[in-house]
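Summary of the model geometry
One-letter residues, chain by chain:
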Number of protein chains: 2
Amino acid sequence: MPKYKEVAQKIIQKINSNDMKQGDKLASIEELMKQFDVGKNTILNALTELEKQAYIYQVRGSGSFVRKHKREGYINITEVNGLRNNLQGFHLDAKLLDLKATKPTHEVMANLNIAENEEVYYVKRLRSIEGRKFSVEESYYLKSVVPYLNQQIVEDSIFNYLIDDLKIEPGFIDHFLRVGKLNKINADLLNLEPGDPTVLLESIFYLKNGQPFDYSIINYHYEESQFFIQGASYI
Amino acid sequence: MPKYKEVAQKIIQKINSNDMKQGDKLASIEELMKQFDVGKNTILNALTELEKQAYIYQVRGSGSFVRKHKREGYINITEVNGLRNNLQGFHLDAKLLDLKATKPTHEVMANLNIAENEEVYYVKRLRSIEGRKFSVEESYYLKSVVPYLNQQIVEDSIFNYLIDDLKIEPGFIDHFLRVGKLNKINADLLNLEPGDPTVLLESIFYLKNGQPFDYSIINYHYEESQFFIQGASYI
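Keep in mind the model is a prediction, meaning the values are calculated, not measured. (Residues numbered from 1 in each chain as written. Chains lettered and ligands numbered in written order. Predicted model: local features only at pLDDT ≥ 70, side-chain atom pairs only at ≥ 80, totals over all residues. Heavy atoms only, no water.)

1. Considerations on the relation of the copies chain A and chain B
- The transform that puts chain A on chain B rotates by 180 degrees and translates by 0.0 Å along the axis, for an RMSD of 0.1 Å. Interpreted geometrically, this transformation is the action of a two-fold axis. Taking C-alpha positions as reference, the residue of chain A nearest the rotation axis is A:Lys52, located at 2.7 Å.
- A shared binding surface is used by both copies, with 100% of the interface residues of chain A retained as interface residues in chain B. (Least-squares fit on C-alpha atoms with pLDDT ≥ 70 in both. Contact = heavy atoms within 4.5 Å.)

2. Some thoughts on the sheet that holds strand S7 (residues 170-181) of chain B
- Strand order in the open sheet formed by eight strands is S3(A)-S10(A)-S7(B)-S8(B)-S9(B)-S6(B)-S5(B)-S4(B), with mixed pairing between adjacent strands. The strands lining the two open edges of the sheet, one partner per strand, are strand S3 (75-76) of chain A together with strand S4 (92-102) of chain B.
- Taken together, the seven bridges between strand S6 (residues 132-142) of chain B and strand S9 (residues 212-221) of chain B define a ladder with antiparallel strand orientation. Note on S9(B): the bridge partner recorded for B:Glu138 is B:Ile217.
- Against the sheet, helix H7 (residues 158-165) of chain B engages strand S5 (120-129), S6, S7, strand S8 (197-207) and S9 of chain B, with an angle of about 160 degrees to S9(B). (Pairing = 2+ DSSP bridges. Helix = DSSP H or I, 4+ residues; strand = E, 2+ residues; numbered from the N terminus. Axes fitted to C-alpha atoms, helices over the stretch in contact; angles between N-to-C directions.)

3. As for H7(B)
Residues and elements named next belong to chain B.
- Among all positions of H7, only Ile158, Phe159, Tyr161, Leu162 and Ile163 are buried.
- Its buried side turned inward, H7 meets S5, S6, helix H6 (151-155), S7, S8 and S9.
- Backbone geometry just after H7 places Lys167 at a positive phi near 55 degrees. (Buried < 20%, exposed > 50% of the residue type's maximum accessible area, 1.4 Å probe, protein only.)

4. Observations concerning helix H1 (residues 3-17) of chain A
Residues and elements named next belong to chain A.
- In this model, H1 (15 residues) spans 21 Å end to end at C-alpha, consistent with the 21 Å of a helix rising 1.5 Å per residue.
- Among the residues making up H1, those that are buried are Tyr4, Lys5, Val7, Ala8, Ile11, Ile12 and Ile15. Buried residues in H1, looked at end-on, bunch into an arc of 160 degrees, giving them a common side. The outward face of H1, more than 90 degrees from its buried face, is lined by the exposed residues Gln13 and Ser17.
- In the core, the buried residues of H1 are packed alongside helix H2 (29-36), helix H3 (40-52), strand S1 (56-59) and strand S2 (63-66).
- Downstream of H1 by one or two residues, Asp19 has phi in the positive range, about 50 degrees. (Expected span 1.5 Å × (residues − 1). Arc of directions from axis to C-beta.)

5. Observations concerning the domain arrangement of chain A
- Partitioning chain A into domains gives domain 1 (3-66) and domain 2 (75-228).
- The centre of domain 1 of chain A, based on its C-alpha atoms, is set 31 Å off from the matching centre of domain 2 of chain A. (Domains from an automatic or database assignment.)

6. Brief notes about the packing of helix H1 (residues 3-17) of chain B against helix H2 (residues 29-36) of chain B
Residues and elements named next belong to chain B.
- Where H1 meets H2, the closest approach of the two axes is 12 Å, and the angle between their N-to-C directions is 105 degrees. Accordingly, the angle class assigned to the pair H1 and H2 is roughly perpendicular. Of H2, the residues touching H1 (which contributes Val7, Lys10, Ile11 and Lys14) are Leu32, Gln35 and Phe36.
- The class makeup of the residues in the contact of H1 with H2 is four nonpolar, one polar and two charged. (Parallel < 35°, antiparallel > 145°, perpendicular 65-115°, else oblique. Nonpolar A, V, L, I, M, F, W, Y, C, P; charged D, E, K, R; others polar.)

7. Some remarks on the pairing of strand S9 (residues 212-221) of chain A
Residues and elements named next belong to chain A.
- For S9, the tally of buried residues reaches ten of ten residues, placing the bulk of the element in the interior.
- In the sheet, strand S8 (residues 197-207) pairs with S9 via nine bridges, with the strands oriented antiparallel. By the bridge assignment, Tyr206 is partnered in S9 with Pro212.

8. Points about the packing of H2(A) against H3(A)
Residue and element names in this part refer to chain A.
- Two numbers describe how H2 lies on H3: the axes approach to 9 Å, and their chain directions differ by 110 degrees. Here H2 is positioned roughly perpendicular relative to H3, judged by the angle of their axes. For the pair formed by H2 and H3, the contact residues are Ile29, Leu32, Met33 and Phe36 on the first element and Lys40, Ile43, Leu44 and Leu47 on the second.
- For the contact of H2 with H3, a count of residues per class yields seven nonpolar, no polar and one charged.

9. Examining the environment of B:Leu200
Residue and element names in this part refer to chain B.
- Looking at where Leu200 falls in the secondary structure, it is placed in strand S8.
- Take Leu200: its relative accessible area is 14%, and that puts it in the buried class.
- Distance from Leu200 to Val179, taken between C-alpha atoms, is 5.8 Å for residues 21 residues apart in sequence.
- Excluding residues that lie within four positions of it along the chain, Leu200 makes contacts with Phe176, Leu177, Arg178, Gly180, Ile217, Ile218 and Asn219.

10. Here's the deal with the packing of aromatic side chains
- Within the structure shown, the criterion is met by 20 aromatic pairs over all chains.
- Centroid distance A:Tyr74 to B:Phe176: 5.2 Å. Interplanar angle 80 degrees. Geometry classified as edge-to-face. Pair noted here: A:Tyr74 is in the loop between S2 and S3 and B:Phe176 is in strand S7, and the two residues belong to different chains. For the pair shown, A:Tyr74 and B:Phe176 are each scored as buried.
- What links up through ring pairs into an aromatic cluster is the set A:Tyr57, A:Phe65, B:Phe172 and B:Tyr206.
- Between A:Arg71 and the ring centre of B:Phe176, over which it is positioned, the NZ or CZ distance is 4.0 Å. (Phe/Tyr/Trp six-rings, centres within 6.5 Å; stacked < 30°, edge-to-face > 60°. Lys NZ or Arg CZ within 6 Å of the ring centre and 35° of its normal.)

11. Considerations on the environment of B:Lys25
Residue and element names in this part refer to chain B.
- Mapped onto the elements, Lys25 comes out in the loop between H1 and H2.
- Not counting chain neighbours up to four residues away, the residues in contact with Lys25 comprise Met20, Ser62, Gly63, Ser64 and Phe65.
- Among the polar contacts made by the side chain of Lys25, one reaches the main-chain carbonyl oxygen of Ser62 at a distance of 2.8 Å. (Polar contact = N/O pair within 3.5 Å; in protein donor to acceptor, adjacent residues only side chain to side chain.)

12. Structural notes on the sheet that holds strand S3 (residues 75-76) of chain B
- Judged by pairing direction, the sheet is mixed, and its eight strands sit side by side in the order S4(A)-S5(A)-S6(A)-S9(A)-S8(A)-S7(A)-S10(B)-S3(B) without closing on themselves. Whereas interior strands pair on both sides, the edge strands pair on one side only; in this sheet they are strand S4 (92-102) of chain A together with S3 of chain B.
- Sheet topology note: the S3(B)/strand S10 (residues 226-231) of chain B ladder contains two bridges and is parallel. Its bridge partner being in S10(B), B:Ile75 is matched across the sheet by B:Phe227.

13. Overview of the interface of chain A and chain B
- At the interface, 59 residues of chain A touch 59 residues of chain B.
- Buried surface at the junction of chain A and chain B, both sides included, amounts to about 5300 Å², of which 58% is carbon and sulfur.
- Inspection of the region where chain A meets chain B yields three salt bridges.
- One salt bridge in this structure joins A:Arg71 and B:Glu202, with 2.9 Å as the shortest N-O distance.
- Summed over the shared surface of chain A and chain B, the number is ten residue pairs in polar contact (both at pLDDT 80 or more).
- No other element matches strand S7 (residues 170-181) of chain A, which puts eleven residues into the side of chain A that touches chain B.
- Here the side of chain A that touches chain B is built from residues that sort into 29 nonpolar, 17 polar and 13 charged.
- One ladder, built from six bridges, connects S7(A) with S10(B); its direction is antiparallel. Directly across from A:Asp174, in S10(B), lies its bridge partner B:Gln230. (Buried area = accessible area lost by both parts, 1.4 Å probe. Salt bridge = Lys/Arg side-chain N within 4 Å of Asp/Glu carboxyl O.)

Right, here's the structure in full:
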(Lines give C-alpha, C1' and ligand atoms only; values in the text may rest on other atoms or scores of the structure.)
Protein backbone atom coordinates (compact mmCIF):
# COMPACT_ATOMS: atom_id res chain seq x y z
CA MET A 1 0.00 0.00 0.00
CA PRO A 2 1.40 3.45 -0.88
CA LYS A 3 2.62 5.51 2.09
CA TYR A 4 -0.04 8.21 1.64
CA LYS A 5 -2.83 5.60 1.94
CA GLU A 6 -1.31 4.32 5.18
CA VAL A 7 -1.26 7.88 6.49
CA ALA A 8 -4.86 8.40 5.30
CA GLN A 9 -5.95 5.28 7.21
CA LYS A 10 -4.15 6.48 10.35
CA ILE A 11 -5.88 9.85 10.14
CA ILE A 12 -9.26 8.07 9.85
CA GLN A 13 -8.38 6.04 12.95
CA LYS A 14 -7.53 9.27 14.79
CA ILE A 15 -10.83 10.89 13.73
CA ASN A 16 -12.71 7.86 15.05
CA SER A 17 -10.72 7.23 18.23
CA ASN A 18 -10.85 10.92 19.20
CA ASP A 19 -14.58 10.91 18.38
CA MET A 20 -14.14 14.02 16.23
CA LYS A 21 -17.28 15.71 14.91
CA GLN A 22 -18.32 17.46 11.70
CA GLY A 23 -16.38 20.72 11.44
CA ASP A 24 -13.61 19.74 13.90
CA LYS A 25 -10.26 20.91 12.59
CA LEU A 26 -7.48 18.47 11.75
CA ALA A 27 -3.87 19.18 12.71
CA SER A 28 -1.99 21.40 10.25
CA ILE A 29 0.06 19.96 7.41
CA GLU A 30 3.26 20.70 9.33
CA GLU A 31 1.96 18.98 12.47
CA LEU A 32 0.80 15.96 10.44
CA MET A 33 4.26 15.76 8.79
CA LYS A 34 5.82 15.57 12.27
CA GLN A 35 3.23 13.16 13.67
CA PHE A 36 3.67 10.65 10.86
CA ASP A 37 7.30 11.46 10.06
CA VAL A 38 6.62 11.85 6.32
CA GLY A 39 7.11 14.56 3.71
CA LYS A 40 4.70 17.28 2.67
CA ASN A 41 3.63 15.53 -0.56
CA THR A 42 2.61 12.39 1.33
CA ILE A 43 0.40 14.48 3.64
CA LEU A 44 -1.09 16.42 0.70
CA ASN A 45 -1.87 13.16 -1.11
CA ALA A 46 -3.37 11.65 2.05
CA LEU A 47 -5.61 14.70 2.51
CA THR A 48 -6.71 14.59 -1.14
CA GLU A 49 -7.57 10.90 -0.69
CA LEU A 50 -9.53 11.65 2.50
CA GLU A 51 -11.43 14.45 0.78
CA LYS A 52 -12.19 12.11 -2.13
CA GLN A 53 -13.55 9.59 0.36
CA ALA A 54 -15.53 12.37 2.06
CA TYR A 55 -13.89 11.96 5.46
CA ILE A 56 -12.76 15.59 5.43
CA TYR A 57 -13.23 18.85 3.55
CA GLN A 58 -10.41 21.26 2.86
CA VAL A 59 -10.90 25.01 3.10
CA ARG A 60 -8.28 27.02 1.25
CA GLY A 61 -6.30 29.13 3.71
CA SER A 62 -7.81 27.63 6.85
CA GLY A 63 -7.09 23.90 6.89
CA SER A 64 -8.86 20.55 6.85
CA PHE A 65 -12.04 19.72 8.73
CA VAL A 66 -13.87 16.53 9.64
CA ARG A 67 -16.90 15.50 7.59
CA LYS A 68 -19.23 13.37 9.65
CA HIS A 69 -23.00 13.23 9.83
CA LYS A 70 -24.93 13.01 13.05
CA ARG A 71 -27.42 10.28 12.28
CA GLU A 72 -26.93 6.78 13.65
CA GLY A 73 -27.86 3.52 12.02
CA TYR A 74 -27.54 4.70 8.42
CA ILE A 75 -25.70 2.47 5.94
CA ASN A 76 -23.09 4.43 4.01
CA ILE A 77 -23.65 3.36 0.41
CA THR A 78 -20.75 5.40 -0.90
CA GLU A 79 -18.22 3.55 1.26
CA VAL A 80 -16.82 0.11 0.50
CA ASN A 81 -18.00 -2.16 3.28
CA GLY A 82 -20.22 0.62 4.58
CA LEU A 83 -22.22 -1.95 6.50
CA ARG A 84 -19.34 -2.92 8.72
CA ASN A 85 -18.00 0.60 9.21
CA ASN A 86 -21.22 2.46 9.69
CA LEU A 87 -23.24 0.15 11.84
CA GLN A 88 -20.55 -0.17 14.49
CA GLY A 89 -22.18 -0.67 17.83
CA PHE A 90 -25.03 -2.67 16.27
CA HIS A 91 -25.09 -6.47 16.42
CA LEU A 92 -24.85 -7.75 12.86
CA ASP A 93 -25.30 -11.33 11.73
CA ALA A 94 -25.09 -13.04 8.33
CA LYS A 95 -26.59 -16.49 7.70
CA LEU A 96 -25.34 -18.34 4.65
CA LEU A 97 -28.24 -19.65 2.56
CA ASP A 98 -26.43 -20.85 -0.56
CA LEU A 99 -22.91 -21.08 -1.97
CA LYS A 100 -22.07 -22.67 -5.30
CA ALA A 101 -20.09 -22.31 -8.51
CA THR A 102 -22.47 -21.90 -11.42
CA LYS A 103 -23.02 -20.56 -14.95
CA PRO A 104 -24.09 -16.91 -15.14
CA THR A 105 -27.65 -15.86 -15.97
CA HIS A 106 -28.16 -13.27 -18.74
CA GLU A 107 -28.54 -10.58 -16.09
CA VAL A 108 -25.22 -11.56 -14.51
CA MET A 109 -23.51 -11.76 -17.92
CA ALA A 110 -24.67 -8.24 -18.76
CA ASN A 111 -23.60 -6.75 -15.44
CA LEU A 112 -20.22 -8.49 -15.20
CA ASN A 113 -19.65 -8.07 -18.94
CA ILE A 114 -18.84 -11.78 -19.43
CA ALA A 115 -19.66 -14.62 -21.82
CA GLU A 116 -21.87 -17.57 -20.84
CA ASN A 117 -18.95 -20.00 -20.48
CA GLU A 118 -17.40 -17.97 -17.64
CA GLU A 119 -18.13 -19.48 -14.21
CA VAL A 120 -19.22 -17.45 -11.21
CA TYR A 121 -19.58 -18.11 -7.50
CA TYR A 122 -23.11 -17.54 -6.28
CA VAL A 123 -23.51 -16.57 -2.62
CA LYS A 124 -26.84 -15.92 -0.92
CA ARG A 125 -26.93 -14.53 2.60
CA LEU A 126 -29.58 -13.34 5.03
CA ARG A 127 -28.41 -10.45 7.20
CA SER A 128 -29.84 -9.45 10.56
CA ILE A 129 -29.29 -6.38 12.69
CA GLU A 130 -29.94 -6.63 16.41
CA GLY A 131 -31.70 -9.93 15.70
CA ARG A 132 -34.12 -8.36 13.18
CA LYS A 133 -34.12 -9.54 9.55
CA PHE A 134 -32.46 -6.84 7.57
CA SER A 135 -31.57 -7.88 4.02
CA VAL A 136 -31.27 -10.76 1.55
CA GLU A 137 -28.03 -10.47 -0.40
CA GLU A 138 -27.20 -12.40 -3.57
CA SER A 139 -23.69 -11.96 -4.97
CA TYR A 140 -21.96 -13.26 -8.09
CA TYR A 141 -18.16 -13.34 -8.06
CA LEU A 142 -16.21 -13.93 -11.25
CA LYS A 143 -14.36 -17.24 -10.73
CA SER A 144 -11.41 -16.14 -12.87
CA VAL A 145 -10.80 -13.37 -10.29
CA VAL A 146 -12.03 -15.16 -7.14
CA PRO A 147 -10.93 -18.77 -7.77
CA TYR A 148 -11.97 -20.17 -4.38
CA LEU A 149 -14.67 -19.50 -1.77
CA ASN A 150 -15.89 -21.65 1.09
CA GLN A 151 -18.43 -21.35 3.89
CA GLN A 152 -15.95 -20.06 6.45
CA ILE A 153 -14.69 -17.27 4.16
CA VAL A 154 -18.21 -16.25 3.22
CA GLU A 155 -19.41 -16.18 6.84
CA ASP A 156 -16.37 -14.14 7.83
CA SER A 157 -15.65 -11.19 5.50
CA ILE A 158 -15.37 -11.86 1.78
CA PHE A 159 -13.81 -8.43 1.26
CA ASN A 160 -11.05 -8.99 3.79
CA TYR A 161 -10.31 -12.33 2.09
CA LEU A 162 -10.19 -10.72 -1.36
CA ILE A 163 -7.85 -7.96 -0.24
CA ASP A 164 -5.66 -9.66 2.37
CA ASP A 165 -5.40 -13.18 0.94
CA LEU A 166 -6.09 -12.94 -2.78
CA LYS A 167 -4.39 -9.50 -3.03
CA ILE A 168 -7.23 -8.23 -5.18
CA GLU A 169 -7.26 -4.47 -5.55
CA PRO A 170 -10.85 -3.21 -5.62
CA GLY A 171 -11.16 -0.07 -7.72
CA PHE A 172 -14.63 1.45 -7.65
CA ILE A 173 -18.32 0.59 -7.39
CA ASP A 174 -21.51 1.45 -9.27
CA HIS A 175 -24.77 1.21 -7.33
CA PHE A 176 -28.30 1.17 -8.75
CA LEU A 177 -31.11 1.70 -6.28
CA ARG A 178 -34.86 1.57 -6.64
CA VAL A 179 -37.98 0.52 -4.79
CA GLY A 180 -38.94 -2.99 -5.81
CA LYS A 181 -41.49 -5.54 -4.68
CA LEU A 182 -40.59 -8.64 -2.70
CA ASN A 183 -41.13 -12.07 -4.22
CA LYS A 184 -42.47 -14.92 -2.06
CA ILE A 185 -39.05 -16.43 -1.24
CA ASN A 186 -37.44 -13.20 -0.08
CA ALA A 187 -40.61 -11.99 1.67
CA ASP A 188 -40.62 -15.21 3.73
CA LEU A 189 -36.96 -14.70 4.64
CA LEU A 190 -37.61 -11.11 5.80
CA ASN A 191 -40.89 -11.93 7.60
CA LEU A 192 -42.79 -9.71 5.19
CA GLU A 193 -45.57 -10.29 2.65
CA PRO A 194 -45.00 -10.92 -1.08
CA GLY A 195 -45.51 -7.61 -2.88
CA ASP A 196 -44.30 -5.54 0.07
CA PRO A 197 -41.86 -2.78 -0.95
CA THR A 198 -38.14 -3.35 -0.72
CA VAL A 199 -35.12 -1.18 -1.33
CA LEU A 200 -33.48 -3.02 -4.21
CA LEU A 201 -29.77 -2.24 -4.43
CA GLU A 202 -27.73 -3.64 -7.31
CA SER A 203 -23.97 -3.09 -7.08
CA ILE A 204 -21.17 -3.73 -9.54
CA PHE A 205 -17.67 -3.89 -8.03
CA TYR A 206 -14.73 -3.19 -10.32
CA LEU A 207 -11.03 -3.97 -10.06
CA LYS A 208 -8.55 -1.09 -10.24
CA ASN A 209 -8.15 -1.85 -13.97
CA GLY A 210 -11.87 -1.33 -14.58
CA GLN A 211 -12.88 -5.00 -14.87
CA PRO A 212 -16.14 -5.85 -13.07
CA PHE A 213 -15.70 -8.86 -10.75
CA ASP A 214 -18.65 -8.85 -8.35
CA TYR A 215 -22.34 -8.20 -9.02
CA SER A 216 -24.67 -8.18 -6.07
CA ILE A 217 -28.41 -7.71 -5.60
CA ILE A 218 -29.69 -6.82 -2.15
CA ASN A 219 -33.32 -6.76 -1.05
CA TYR A 220 -33.52 -4.58 2.07
CA HIS A 221 -36.34 -4.77 4.62
CA TYR A 222 -37.98 -1.42 3.93
CA GLU A 223 -38.64 -0.66 7.58
CA GLU A 224 -35.18 -1.62 8.84
CA SER A 225 -32.90 0.09 6.34
CA GLN A 226 -31.83 3.68 5.79
CA PHE A 227 -28.95 4.94 3.74
CA PHE A 228 -26.36 7.67 3.87
CA ILE A 229 -24.88 8.88 0.59
CA GLN A 230 -22.07 11.38 0.32
CA GLY A 231 -22.49 13.69 -2.65
CA ALA A 232 -19.64 14.89 -4.80
CA SER A 233 -18.26 18.35 -4.45
CA TYR A 234 -19.10 20.70 -7.27
CA ILE A 235 -17.06 21.08 -10.45
CA MET B 1 -12.82 29.07 -11.37
CA PRO B 2 -9.34 27.51 -11.13
CA LYS B 3 -7.82 26.51 -14.47
CA TYR B 4 -7.83 22.77 -13.65
CA LYS B 5 -11.60 22.85 -13.04
CA GLU B 6 -12.13 24.53 -16.42
CA VAL B 7 -10.06 21.77 -18.03
CA ALA B 8 -12.02 19.13 -16.08
CA GLN B 9 -15.30 20.58 -17.39
CA LYS B 10 -13.97 20.56 -20.95
CA ILE B 11 -12.93 16.92 -20.63
CA ILE B 12 -16.44 16.06 -19.39
CA GLN B 13 -17.89 17.86 -22.43
CA LYS B 14 -15.57 15.84 -24.68
CA ILE B 15 -16.61 12.56 -23.03
CA ASN B 16 -20.27 13.46 -23.60
CA SER B 17 -20.03 14.94 -27.09
CA ASN B 18 -17.90 12.02 -28.33
CA ASP B 19 -20.37 9.64 -26.65
CA MET B 20 -17.49 7.82 -24.95
CA LYS B 21 -18.31 4.58 -23.10
CA GLN B 22 -17.15 2.91 -19.90
CA GLY B 23 -13.56 1.77 -20.39
CA ASP B 24 -12.80 4.10 -23.34
CA LYS B 25 -9.33 5.56 -22.98
CA LEU B 26 -8.75 9.29 -22.59
CA ALA B 27 -5.96 11.06 -24.45
CA SER B 28 -2.56 10.85 -22.72
CA ILE B 29 -1.37 13.55 -20.33
CA GLU B 30 0.95 14.93 -23.01
CA GLU B 31 -1.87 15.06 -25.58
CA LEU B 32 -4.19 16.74 -23.07
CA MET B 33 -1.47 19.32 -22.29
CA LYS B 34 -1.33 20.18 -26.01
CA GLN B 35 -5.12 20.14 -26.51
CA PHE B 36 -5.79 22.57 -23.68
CA ASP B 37 -2.49 24.43 -23.84
CA VAL B 38 -1.80 24.03 -20.11
CA GLY B 39 0.97 22.57 -17.95
CA LYS B 40 1.28 19.05 -16.62
CA ASN B 41 0.15 19.95 -13.08
CA THR B 42 -3.10 21.44 -14.38
CA ILE B 43 -3.85 18.22 -16.27
CA LEU B 44 -2.93 16.06 -13.26
CA ASN B 45 -5.20 18.15 -11.02
CA ALA B 46 -8.02 18.00 -13.57
CA LEU B 47 -7.72 14.19 -13.77
CA THR B 48 -7.71 13.89 -9.97
CA GLU B 49 -10.85 16.03 -9.85
CA LEU B 50 -12.52 13.89 -12.54
CA GLU B 51 -11.63 10.70 -10.68
CA LYS B 52 -13.01 12.21 -7.47
CA GLN B 53 -16.24 12.98 -9.33
CA ALA B 54 -16.23 9.44 -10.75
CA TYR B 55 -16.13 10.52 -14.40
CA ILE B 56 -12.92 8.55 -14.97
CA TYR B 57 -10.66 5.98 -13.35
CA GLN B 58 -6.89 6.10 -13.56
CA VAL B 59 -4.83 2.94 -14.02
CA ARG B 60 -1.20 3.34 -13.03
CA GLY B 61 1.02 2.85 -16.05
CA SER B 62 -1.79 2.71 -18.62
CA GLY B 63 -3.73 5.95 -18.49
CA SER B 64 -7.20 7.29 -17.72
CA PHE B 65 -10.46 5.64 -18.72
CA VAL B 66 -14.08 6.74 -18.85
CA ARG B 67 -16.42 5.69 -16.08
CA LYS B 68 -19.98 5.55 -17.34
CA HIS B 69 -22.79 3.16 -16.61
CA LYS B 70 -25.09 1.77 -19.26
CA ARG B 71 -28.48 2.27 -17.69
CA GLU B 72 -30.72 5.11 -18.82
CA GLY B 73 -33.13 7.10 -16.73
CA TYR B 74 -31.28 6.74 -13.42
CA ILE B 75 -30.83 9.83 -11.26
CA ASN B 76 -27.23 10.24 -10.15
CA ILE B 77 -27.51 11.00 -6.45
CA THR B 78 -23.77 11.49 -6.05
CA GLU B 79 -23.69 14.34 -8.55
CA VAL B 80 -24.76 17.91 -7.85
CA ASN B 81 -27.77 18.60 -10.06
CA GLY B 82 -27.83 14.93 -11.06
CA LEU B 83 -31.39 15.37 -12.22
CA ARG B 84 -30.47 17.80 -14.98
CA ASN B 85 -27.31 16.02 -16.06
CA ASN B 86 -28.51 12.46 -15.93
CA LEU B 87 -31.96 12.68 -17.35
CA GLN B 88 -30.87 14.45 -20.52
CA GLY B 89 -33.14 13.45 -23.32
CA PHE B 90 -36.12 13.22 -20.99
CA HIS B 91 -38.68 16.01 -20.80
CA LEU B 92 -38.52 17.44 -17.28
CA ASP B 93 -40.92 19.94 -15.77
CA ALA B 94 -41.10 21.64 -12.37
CA LYS B 95 -44.30 23.30 -11.11
CA LEU B 96 -43.91 25.79 -8.28
CA LEU B 97 -46.38 25.06 -5.46
CA ASP B 98 -45.14 27.42 -2.76
CA LEU B 99 -42.42 30.01 -2.18
CA LYS B 100 -42.10 32.07 0.99
CA ALA B 101 -39.69 33.38 3.59
CA THR B 102 -40.45 31.78 6.94
CA LYS B 103 -39.15 30.75 10.36
CA PRO B 104 -37.46 27.33 10.46
CA THR B 105 -39.13 24.28 12.01
CA HIS B 106 -37.18 22.24 14.58
CA GLU B 107 -36.28 19.74 11.86
CA VAL B 108 -34.92 22.52 9.64
CA MET B 109 -33.04 24.10 12.57
CA ALA B 110 -31.36 20.77 13.35
CA ASN B 111 -30.39 20.05 9.75
CA LEU B 112 -29.16 23.55 8.90
CA ASN B 113 -27.62 23.94 12.35
CA ILE B 114 -29.34 27.29 12.94
CA ALA B 115 -31.24 29.08 15.70
CA GLU B 116 -34.99 29.76 15.53
CA ASN B 117 -34.59 33.46 14.72
CA GLU B 118 -32.79 32.72 11.42
CA GLU B 119 -35.09 33.06 8.42
CA VAL B 120 -35.24 30.56 5.58
CA TYR B 121 -36.81 30.49 2.12
CA TYR B 122 -39.26 27.62 1.72
CA VAL B 123 -39.74 26.31 -1.82
CA LYS B 124 -42.12 23.48 -2.74
CA ARG B 125 -42.07 22.07 -6.27
CA LEU B 126 -43.77 19.22 -8.10
CA ARG B 127 -41.53 17.63 -10.72
CA SER B 128 -42.67 15.65 -13.73
CA ILE B 129 -40.77 13.52 -16.19
CA GLU B 130 -42.28 12.96 -19.61
CA GLY B 131 -45.53 14.34 -18.22
CA ARG B 132 -45.66 11.78 -15.38
CA LYS B 133 -45.60 12.99 -11.76
CA PHE B 134 -42.15 12.25 -10.45
CA SER B 135 -41.37 13.93 -7.12
CA VAL B 136 -42.47 16.50 -4.57
CA GLU B 137 -39.51 18.58 -3.45
CA GLU B 138 -39.44 20.86 -0.40
CA SER B 139 -36.31 22.94 0.10
CA TYR B 140 -35.21 25.33 2.82
CA TYR B 141 -32.53 27.90 1.93
CA LEU B 142 -30.78 29.90 4.61
CA LYS B 143 -31.73 33.54 3.97
CA SER B 144 -28.40 34.85 5.25
CA VAL B 145 -26.75 32.94 2.37
CA VAL B 146 -29.54 33.18 -0.24
CA PRO B 147 -30.97 36.67 0.44
CA TYR B 148 -33.42 36.72 -2.49
CA LEU B 149 -35.52 34.22 -4.44
CA ASN B 150 -38.48 34.77 -6.73
CA GLN B 151 -40.76 32.65 -8.88
CA GLN B 152 -38.70 33.08 -12.04
CA ILE B 153 -35.45 32.03 -10.37
CA VAL B 154 -37.09 29.04 -8.73
CA GLU B 155 -38.73 27.87 -11.97
CA ASP B 156 -35.43 28.27 -13.80
CA SER B 157 -32.45 26.71 -11.99
CA ILE B 158 -31.84 27.74 -8.39
CA PHE B 159 -28.36 26.23 -8.55
CA ASN B 160 -27.32 28.25 -11.59
CA TYR B 161 -28.59 31.38 -9.82
CA LEU B 162 -26.66 30.56 -6.65
CA ILE B 163 -23.43 29.92 -8.52
CA ASP B 164 -23.57 32.41 -11.40
CA ASP B 165 -25.35 35.34 -9.76
CA LEU B 166 -24.82 35.03 -6.02
CA LYS B 167 -21.29 33.60 -6.52
CA ILE B 168 -22.00 30.98 -3.87
CA GLU B 169 -19.46 28.16 -3.84
CA PRO B 170 -21.22 24.87 -3.02
CA GLY B 171 -18.89 22.52 -1.21
CA PHE B 172 -20.39 19.09 -0.60
CA ILE B 173 -23.66 17.28 0.10
CA ASP B 174 -24.95 14.70 2.58
CA HIS B 175 -27.90 12.58 1.48
CA PHE B 176 -30.14 10.43 3.67
CA LEU B 177 -32.39 7.97 1.90
CA ARG B 178 -35.07 5.62 3.14
CA VAL B 179 -38.43 4.20 2.15
CA GLY B 180 -41.20 6.28 3.67
CA LYS B 181 -44.96 6.43 3.39
CA LEU B 182 -46.81 9.19 1.53
CA ASN B 183 -49.09 11.54 3.43
CA LYS B 184 -52.41 12.60 1.89
CA ILE B 185 -51.14 15.91 0.44
CA ASN B 186 -48.13 14.43 -1.34
CA ALA B 187 -50.02 11.29 -2.42
CA ASP B 188 -52.61 13.50 -4.13
CA LEU B 189 -49.86 15.44 -5.89
CA LEU B 190 -48.25 12.24 -7.18
CA ASN B 191 -51.55 10.53 -8.10
CA LEU B 192 -50.91 7.83 -5.52
CA GLU B 193 -52.70 6.67 -2.36
CA PRO B 194 -51.84 7.86 1.15
CA GLY B 195 -49.61 5.21 2.75
CA ASP B 196 -48.08 4.18 -0.56
CA PRO B 197 -44.30 3.78 -0.39
CA THR B 198 -42.03 6.64 -1.42
CA VAL B 199 -38.30 7.04 -1.71
CA LEU B 200 -37.66 9.75 0.84
CA LEU B 201 -34.43 11.62 0.14
CA GLU B 202 -33.20 14.27 2.58
CA SER B 203 -30.20 16.30 1.43
CA ILE B 204 -28.04 18.84 3.21
CA PHE B 205 -25.98 21.12 0.95
CA TYR B 206 -22.88 22.74 2.43
CA LEU B 207 -20.80 25.71 1.37
CA LYS B 208 -17.10 25.19 0.73
CA ASN B 209 -16.42 26.37 4.30
CA GLY B 210 -18.60 23.59 5.73
CA GLN B 211 -21.67 25.71 6.55
CA PRO B 212 -25.00 24.04 5.64
CA PHE B 213 -27.19 26.41 3.56
CA ASP B 214 -29.87 24.22 1.93
CA TYR B 215 -31.92 21.38 3.39
CA SER B 216 -34.29 19.57 1.06
CA ILE B 217 -36.77 16.73 1.44
CA ILE B 218 -37.90 14.91 -1.69
CA ASN B 219 -40.73 12.38 -1.92
CA TYR B 220 -40.17 10.35 -5.09
CA HIS B 221 -42.90 8.44 -6.88
CA TYR B 222 -41.74 4.89 -6.13
CA GLU B 223 -42.55 3.56 -9.58
CA GLU B 224 -41.00 6.44 -11.51
CA SER B 225 -37.66 6.88 -9.77
CA GLN B 226 -34.42 4.94 -9.81
CA PHE B 227 -31.05 6.06 -8.59
CA PHE B 228 -27.44 5.69 -9.55
CA ILE B 229 -24.82 6.04 -6.82
CA GLN B 230 -21.10 6.01 -7.43
CA GLY B 231 -19.19 4.29 -4.68
CA ALA B 232 -15.85 5.46 -3.36
CA SER B 233 -12.68 3.73 -4.36
CA TYR B 234 -11.05 1.70 -1.64
CA ILE B 235 -8.54 3.04 0.91
